[in-house]
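Each chain, written out:
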Amino acid sequence: VDTSLPSGFIFPPKPLKFQIYALTSQGKVRMKSFFRDASDSQDSTLSSLNDLLFIATLDTTTNTYVQTWNVKMDTSAVAGHAVYPKPGDVYVLHLVLPFQDGDAFSFHTTGQKVDLARAQADGEYNPYVVPNPYVGAASFEPQRFAISGRGERRMEFRGLPSTCTVRIYTIKGELVQTLSQSNSLVGYLAWDLRTKDNLDVAPGLYIYHVDAGPLGTKMGKFAIIK
């Protein structure tokens with residue numbers, strides 16, 4: 001009683017045993033469709049879970065038909081045997097809020113930001129180091145592919161404010177490295193275990209100091225074991 005539209009090798013033209021109409025205020029309007037008949041019987045109906053029907057509408061700007069509504073069998077909410085369409089069945093789809101000529105959809109976005117006053121009111125930040133202690137390696141260190149050698153080492157200072165400076169000291173008070181971030185939303189800073197002089201850091205106990213400006217300062221300690 002109908003023939004589907006062609007659209008590549010997935011949707012070749014296919015004789016159909018059903019018709020589709022749009023129920024408008026002016027009466028029934030015949031609709032075109034794309035149809036994939038994936039059933040073994042190739043019976044030109046929705047008789048398989050893999051059969052796929054697209055109701056098509058005309059794009060007046062390009063004068064081509066486009067896939068608009070997708071119709072297929074869904075048995076995920078059915079207990080027992082699936083009931084497939086049979087000759088004489090009529091399915092009616094009602095849109096709760098149908099599209100009308102002149103409809104307009106608008107939206108706006110705002111950029112991400114940190115509200116300093118709210119951050120102060122919500123409570124103190126609590127920085128910490130992972131892994132602590134650092135014993136030879138960390139699970140989140142990047143893996144090397146087809147390259148020999150140790151590769152990058154990595155520790156992370158987490159639970160940080162968006163803008164802060166982290167200074168790492170030896171227990172004697174010598175500055176080892178300085179890390180900083182400004183208006184970051186990730187909440188952590190990574191350290192490659194190299195000093196400010198670009199040397200591998202020695203094993204031992206270290207002190208870190210976090211300066212978050214108006215949010216105050218924090219101190220902690222971590223250990224590196226080789």
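Going by the structure above, here's the rest.
Residues numbered from 1 in each chain as written. Predicted model: local features only at pLDDT ≥ 70, side-chain atom pairs only at ≥ 80, totals over all residues. Heavy atoms only, no water.

### Some words on the sheet that holds strand 14 (residues 217–225)
Read from one edge of the open sheet, five strands run 8-14-13-10-11, paired in mixed fashion. Among the strands making up the open sheet, the edge pair consists of strand 8 (134–135) and strand 11 (175–181). (Pairing = 2+ DSSP bridges. Helix = DSSP H or I, 4+ residues; strand = E, 2+ residues; numbered from the N terminus.)

### Observations regarding the layout of surface pockets
Here the largest pocket is characterised by a volume of approximately 1,800 Å³. Considering the residues around the largest pocket, the lining is formed by 43 residues, among which Ile20, Tyr21, Ile55, Tyr91 and Leu93 are closest to the centre. Counting residues per element, the ones that place at least two in the lining of the largest pocket are strand 3 (20–24), strand 4 (27–36), strand 5 (52–59) and strand 6 (64–71). The leading source of residues in the lining of the largest pocket is strand 3, at five residues. Class assignment for the residues of the lining of the largest pocket results in 26 nonpolar, nine polar and eight charged. (1 Å grid on protein atoms, 1.4 Å probe; cavity = no way out; pocket = protein on both sides within 12 Å on 5 of 7 lines; lining within 4 Å. Points joined across faces, edges and corners; volume = space filled by probe spheres on them. Nonpolar A, V, L, I, M, F, W, Y, C, P; charged D, E, K, R; others polar.)

### A word on the packing of aromatic side chains
In this structure the tally under the stated criterion is eight aromatic pairs. Look at Phe18 and Phe35: their rings are 5.7 Å apart centre to centre, the planes differ by 75 degrees, and that puts the pair in the edge-to-face class. You can see Phe18 sitting in the loop between strand 2 (15–16) and strand 3 and its partner Phe35 sitting in strand 4, a full 17 residues away along the chain. With 6.3 Å between their ring centres and 35 degrees between their planes, Tyr208 and Phe222 make a pair best called tilted. With Tyr208 in strand 13 (residues 204–211) and Phe222 in strand 14, this residue pair connects regions lying 14 residues apart in the sequence. Here Tyr208 matches Phe222 in class, with each residue buried. Put simply, the rings of Phe157, Trp191, Tyr206, Tyr208 and Phe222 touch in pairs and so form one group of aromatic residues. The residue whose ring lies beneath Lys28 is Tyr21, and the NZ or CZ to ring-centre distance is 4.2 Å. When the ring centre of Tyr125 is taken as reference, the NZ or CZ atom of Lys218 above it lies at 5.9 Å. (Phe/Tyr/Trp six-rings, centres within 6.5 Å; stacked < 30°, edge-to-face > 60°. Buried < 20%, exposed > 50% of the residue type's maximum accessible area, 1.4 Å probe, protein only. Lys NZ or Arg CZ within 6 Å of the ring centre and 35° of its normal.)

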